[in-house]
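What follows is each chain in one-letter form.
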Amino acid sequence: MNGIISYGTYIPKYRLKIDSIADFWKKNGDEIKMGLGLSEKSVASIDEDATTLAIESAQIAIESGKIDLADIKALAVGSESHPYAVKPTSTIVGEI
């Protein structure tokens, strides 16, 4: 059987208030919060990048799905901010 049997999510613990972003750009914070429907954003720590977030998510998916690592046949990582231009993030995540 093929398909998605588990997934994991990881959200960095640090937060940045929308009001702080709006103040920096000299915009109306209340308008932005209403438009986005949120009041803060998560922010990666100085030592976290797209690879770190993908690894954390993968480990959560494996643990919560009680997955045998030998059963994993494919891995896909999607990001707009890969840390390396020439090495696919999924290669790093797969090795770990």
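Conventions we followed
Residues numbered from 1 in each chain as written. Predicted model: local features only at pLDDT ≥ 70, side-chain atom pairs only at ≥ 80, totals over all residues. Heavy atoms only, no water. Helix = DSSP H or I, 4+ residues; strand = E, 2+ residues; numbered from the N terminus. Buried < 20%, exposed > 50% of the residue type's maximum accessible area, 1.4 Å probe, protein only. Patch = residues over 30% accessible without salt bridge, like charges linked within 9 Å, V, L, I, M, F, W, Y side chains within 5 Å. Areas by Shrake-Rupley, 256 points an atom, 1.4 Å probe, with all protein chains shown as cover. Salt bridge = Lys/Arg side-chain N within 4 Å of Asp/Glu carboxyl O. Phe/Tyr/Trp six-rings, centres within 6.5 Å; stacked < 30°, edge-to-face > 60°. 1 Å grid on protein atoms, 1.4 Å probe; cavity = no way out; pocket = protein on both sides within 12 Å on 5 of 7 lines; lining within 4 Å. Points joined across faces, edges and corners; volume = space filled by probe spheres on them. Nonpolar A, V, L, I, M, F, W, Y, C, P; charged D, E, K, R; others polar. Contact = heavy atoms within 4.5 Å.

In this structure, what is going on with unusual backbone geometry? I would like to understand it.
Keep in mind that most residues, glycine aside, have a negative phi and that most peptide bonds are trans. Although it is not a glycine, K26 sits at a positive phi angle of roughly 55°. Inspection of the secondary structure assignment puts K26 in the loop between α1 (18-24) and α2 (29-36). Note on K26: relative accessible area 74%, which makes it exposed. Non-glycine residue K66 carries a positive phi angle of around 50°. Examined against the element boundaries, K66 turns out to sit in the loop between α3 (50-64) and α4 (89-95). With a relative accessible area of 74%, K66 lands in the exposed category.

For this particular structure, what's the right way to read a nonpolar patch on the surface?
A cluster of nonpolar side chains, contributed by Y14, L16 and V43, occupies part of the molecular surface with about 240 Å² of accessible area. Turning to its location among the elements, L16 is positioned in strand β1 (residues 14-17).

Just to check I follow, could you spell out the packing of aromatic side chains for this structure?
Centre-to-centre distance and the angle between the planes together describe a pair of aromatic rings. The final tally for this structure, using the stated rule, is one aromatic pair. Taken together, a centroid distance of 5.1 Å and an interplanar angle of 85° make the contact between F24 and W25 edge-to-face. The exposure class of W25 is exposed, given its relative accessible area of 59%.

Any chance you could explain the layout of surface pockets here in plain terms?
Leftover empty space is mapped by rolling, across the atoms, a probe with the size of a water molecule. The volume enclosed by the largest pocket comes to roughly 1,000 Å³. I62, I67, I72, A74 and L75 are the residues nearest the centre of the largest pocket, which is lined by 29 residues in total. Those elements giving two or more residues to the lining of the largest pocket turn out to be α3 and α4. With eight residues, the top contributor of residues to the lining of the largest pocket is α3. The class makeup of the residues in the lining of the largest pocket is 18 nonpolar, eight polar and three charged.

Could you clarify how one ought to interpret the environment of G8 in this entry?
Relative to the helices and strands, G8 resides in the segment before β1. Measuring from C-alpha to C-alpha, the distance between G8 and I92 comes to 17 Å, with 84 residues separating the pair along the chain. Once residues within four sequence positions are removed from consideration, G8 is found in contact with S57, I60 and A61.

Whenever I open this one, the side chain of S57 confuses me. Can you help?
Inspection of the secondary structure puts S57 in helix α3. The contact partners of S57, leaving out residues within four places of it in the chain, are G8, T9 and Y10.

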